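# Inside the fold
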Amino acid sequence: MADLFQYKCKNCGGALEFNTAEQKLKCPFCDSIFEIADYQKNDEKLDTQEADIPQGDPESAKAPDEFNWDTQQQEWDSEDDGVSVFVCNSCGGEIVGDENTAATSCPYCGNPVVMSGRLSGVLKPDFIIPFKLDKRAAKEKLKEYVSSKKFAPNAFKSNNKLEEIKGIYVPFWLFDSDISAAVSYQGTRVRTWSDKKYDYTETSYYSIFRSGNMCFENVPVDGSTKMPDDLMESIEPFNFKEAVDFKTAYFAGYLADKYDVDMPSSIPRANERIKNSADSVLRGTVTGYSSLVTQYNSVQLKKGISKYALYPVWLLNTKYNGETYTFAMNGQTGKFVGNIPVDKGKLTALFCGVTAGLTVAVYVVGRFLGFL
């Protein structure tokens, strides 16, 4: 079996792991530390081009959207042909690894995974954000997160058992573009006044136009269907300034998810995020109106480019009353999210307390006004 990710210690021959504290490769057997550069291979980058920004006018808000993306991508280099894929027979998840992780389990559903074969015809990542937080930090964050939830069952807090914890690099498509956006709004201003006989309301209507040129960098779109989008968006943002050129040495001791949503299929989501963000920016420049309704909007994007990056995520699975609860932690920033069970008794007690408080308040006001 080929072994791309199995980096051997030059002193004792043990399998090296990427150490988050040192940001280097470390041998867990003899504690030897090595630079990434000692094991790195040359990686090519995608060529990029700047976008051509057309100028707009008020009528440009009625123009159809135009999104032009450069969809050329770089396939995995033949020198990296030793990459292997593990497939989960239960959920179908595909995970990249080597013989050091042959006995692993699926980070998504917990079932065992089996070797499928070498990775071929798959694109090579351009960048990777290395893990900055280790497994111990993830466990501490879980304990802190659960203890902070007031409505979690006490038994869940005290007897919560960590069944699985995996550090996994999640695939993301990152989109860069310069755009020209134009939006036409209808705004209203409402004025009210009264005299001795009548109350008056005056509503004035305005046509408002905004346009501008904007630059978007690293708009993320999750490339894995197995990783819920809401979970990934909840642990954003990742700081791309700490991204480095992709080197397989960063995989040592971790797993990597194999993308199953390619870049062209991710473009509609990127377009949506860019268009919504552009509208939000332009809308923020319009103030002083009682209401604001979008009439037309248009985004013109030329020669946008994309990058393929891997972001670090800790996945933690716990069990309670026969159910599995999944949590995720940003392996760079420590942001932690997840669903927990709710103690219905605590909610009922809160509801009864609020109801009782309202009843007392009504009684006091009634007594004060002479109604009771």
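Refer to the structure above for everything that follows.
Read on for an overview of the structure. What you are looking at is a predicted structure, and each value in this text was computed from that prediction instead of being measured.

Analysis parameters
- Residues numbered from 1 in each chain as written.
- Predicted model: local features only at pLDDT ≥ 70, side-chain atom pairs only at ≥ 80, totals over all residues.
- Heavy atoms only, no water.
- Helix = DSSP H or I, 4+ residues; strand = E, 2+ residues; numbered from the N terminus.
- Expected span 1.5 Å × (residues − 1).
- Buried < 20%, exposed > 50% of the residue type's maximum accessible area, 1.4 Å probe, protein only.
- Arc of directions from axis to C-beta.
- Contact = heavy atoms within 4.5 Å.
- Phe/Tyr/Trp six-rings, centres within 6.5 Å; stacked < 30°, edge-to-face > 60°.
- Lys NZ or Arg CZ within 6 Å of the ring centre and 35° of its normal.
- Salt bridge = Lys/Arg side-chain N within 4 Å of Asp/Glu carboxyl O.

Looking now at helix 1 (residues 135-147). A rise of 1.5 Å per residue sets the reference length of helix 1, with its 13 residues, at 18 Å; its end C-alpha atoms lie 19 Å apart and thus fit the reference within 8%. Buried within helix 1 are the following residues: Ala138, Leu142, Tyr145 and Val146. Projected down its long axis, helix 1 carries its buried residues within an arc of 90°, all on one side. When the buried face of helix 1 is taken as reference, the exposed residues oriented beyond 90 degrees from it are Arg136 and Lys143.

Bringing the environment of Phe18 into the picture now. Its location among the elements puts Phe18 in strand 1 (residues 17-19). In this structure the C-alpha to C-alpha distance between Phe18 and Phe131, which are 113 residues apart in sequence, comes to 8.4 Å. Leaving out residues up to four positions away in the same chain, Phe18 has contacts with Gln23, Lys24, Leu25, Ile36, Pro130, Phe131, Ala249, Tyr250, Ala252 and Tyr254.

Right, let's talk about the packing of aromatic side chains for a bit. If you walk through the whole model with that rule in mind, you get 19 aromatic pairs. Both rings, one in Tyr254 and one in Trp314, keep their centres 5.9 Å apart while their planes meet at 65°; by these two values the pair is edge-to-face. Highlighted residues: Tyr254 in the loop between strand 11 (244-245) and strand 12 (255-257) and Trp314 in strand 13 (residues 291-320), separated in sequence by 60 residues. As far as burial versus exposure is concerned, Tyr254 and Trp314 are alike and both buried. Above the plane of the ring of Tyr206 lies Arg189, whose end atom (NZ or CZ) is 4.9 Å from the centre. The aromatic ring of Phe240 is capped on one face by Lys307, whose charged end is 5.4 Å from the ring centroid.

We now examine the side chain of Asp176. Relative to the assigned elements, Asp176 resides in strand 9 (residues 161-194). By relative accessible area, which is 17% here, Asp176 ends up buried.

Attention shifts here to unusual backbone geometry. Pro237 follows Glu236 through a cis peptide bond whose omega is 5°. Mapped onto the secondary structure, Pro237 falls in the loop between helix 3 (229-234) and strand 11. For Gln23, which is not a glycine, the phi torsion comes out positive at approximately 55°. Among the secondary structure elements, Gln23 is positioned in the loop between strand 1 and strand 2 (24-26). The backbone of Asn218 shows a phi angle near 60°, a positive value even though the residue is not glycine. With respect to the secondary-structure elements, Asn218 resides in strand 10 (residues 199-222).

With that settled, consider the pattern of salt bridges. A complete count under the given rule lists eight salt bridges for this structure. Between Arg273 and Glu236 there is a salt bridge; the shortest N-O distance is 3.5 Å. Separated by 37 residues along the polypeptide, Arg273 in helix 4 (residues 263-283) and Glu236 in the loop between helix 3 and strand 11 bring together distant segments of the chain. Of the residues examined, Glu236 reaches a relative accessible area of 14% and is grouped as buried. Here Asp279 ties to Arg283 by a salt bridge, and the two come within 3.8 Å at their closest N and O atoms. In this pair, Asp279 and Arg283 both sit in helix 4, four residues apart, roughly one turn of the helix. Here Asp279 falls in the buried class, since its relative accessible area comes to 17%. Among the residues examined, Arg283 registers a relative accessible area of 31% and is labelled partly exposed. Connected through shared salt-bridge partners, Glu233, Arg269 and Glu272 make up one network.

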